[in-house]
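Survey of secondary and tertiary structure
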Amino acid sequence: MPGSSKPPLYRMKADFFKTLAHPVRVRVLELLSQREHTVAEMLADIGVEAANLSQQLSILRRAGLVTARREGLSVTYELATPRVAELLATARAILTGVVAGQAEALEQPA
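Below you will find a few notes about this structure. Every chain's residues receive numbers from 1 upward, in the order its sequence appears when written. Note on the predicted model: pLDDT of at least 70 is required for a residue's local features to be given, and 80 or more for side-chain atom pairs to be given and counted; whole-chain, interface and lining totals, by contrast, use all residues. Working from all heavy atoms in the structure, the side-chain values ignore hydrogens and water.

1. Observations concerning the sheet that holds strand β3 (residues 74-79)
Pairing between strands is defined by DSSP: at least two bridges between the two strands are required. The secondary structure listing takes helices from DSSP runs of H or I that are at least 4 residues long and strands from runs of E that are at least 2 residues long, numbered from the N terminus. Reading across from one edge, β1-β3-β2 is the order of the three strands in this open sheet, with antiparallel pairing throughout. Taken across any chain shown, the strands that pair with only one partner, and hence form the sheet edges, are β1 (37-38) and β2 (66-71). Against the sheet, helix α2 (residues 23-34) engages β1, β2 and β3, with an angle of about 85° to β3. Contact criterion: two residues are considered in contact whenever any of their non-hydrogen atoms come within 4.5 Å of each other. Every axis corresponds to a line fitted to the C-alpha atoms, with the helix fit spanning only the stretch in contact, and the corresponding angles, defined between N-to-C directions, vary from 0 to 180 degrees. Against the sheet, helix α4 (residues 50-62) contacts β2 and β3, and its axis sits at roughly 120° relative to β2.

2. Brief notes about the packing of aromatic side chains
Aromatic contacts are taken between Phe, Tyr and Trp rings whose centres are within 6.5 Å, Trp giving its six-membered ring; a plane angle under 30 degrees counts as stacked, one over 60 as edge-to-face, and the others as tilted. As enumerated under the stated definition, the model contains one aromatic pair in all. A ring pair is formed by Phe16 and Phe17, whose centres lie 5.4 Å apart and whose planes are at 75°; its orientation type is edge-to-face. With a 1.4 Å probe rolled over the protein chains alone, any residue whose accessible area is under 20% of its type maximum counts as buried; one over 50% counts as exposed, and the rest are partly exposed. Residue classification places Phe17 among the partly exposed residues on the basis of a relative accessible area of 49%.

3. Digging into the pattern of salt bridges
The term salt bridge refers to a pairing of a side-chain nitrogen on Lys or Arg with a carboxyl oxygen on Asp or Glu at a separation within 4 Å. Tallied over the entire structure, the rule returns seven salt bridges. Here Asp15 ties to Lys18 by a salt bridge, and the two come within 3.9 Å at their closest N and O atoms. Here Asp15 and its partner Lys18 are both found in helix α1 (residues 9-20), three residues apart, which amounts to about one turn of the helix. The partner of Arg35 in a salt bridge is Glu41, and the shortest N-O contact between them spans 3.4 Å. Accessibility expressed as a relative area gives 44% for Arg35, which makes it partly exposed. A relative accessible area of 33% means that Glu41 is categorised as partly exposed.

Below you can see the structure in the form of structure tokens.
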């Protein structure tokens, strides 16, 4: 609609995918697809500096993809919706097909 202050859906989708366009953020979402994790657990698995992980978690929280709750001195994160895990599973299926297609193409005689 002309004059609407709301961005078009395709721009919102592009911004959403930009949020996902970082390996640490994708890894965090993969971990949280399995179960909730504390920051300490994610640090041990992901292997980045605490400040970097904190920054990536903040981006995911602002995007509404994860939620956090404080328990004493630790913070536990979980997916905001199971649909995030579904999206990651769909991406995996697409990539598996793409890789299989590339392997098949490489096997063809030149």
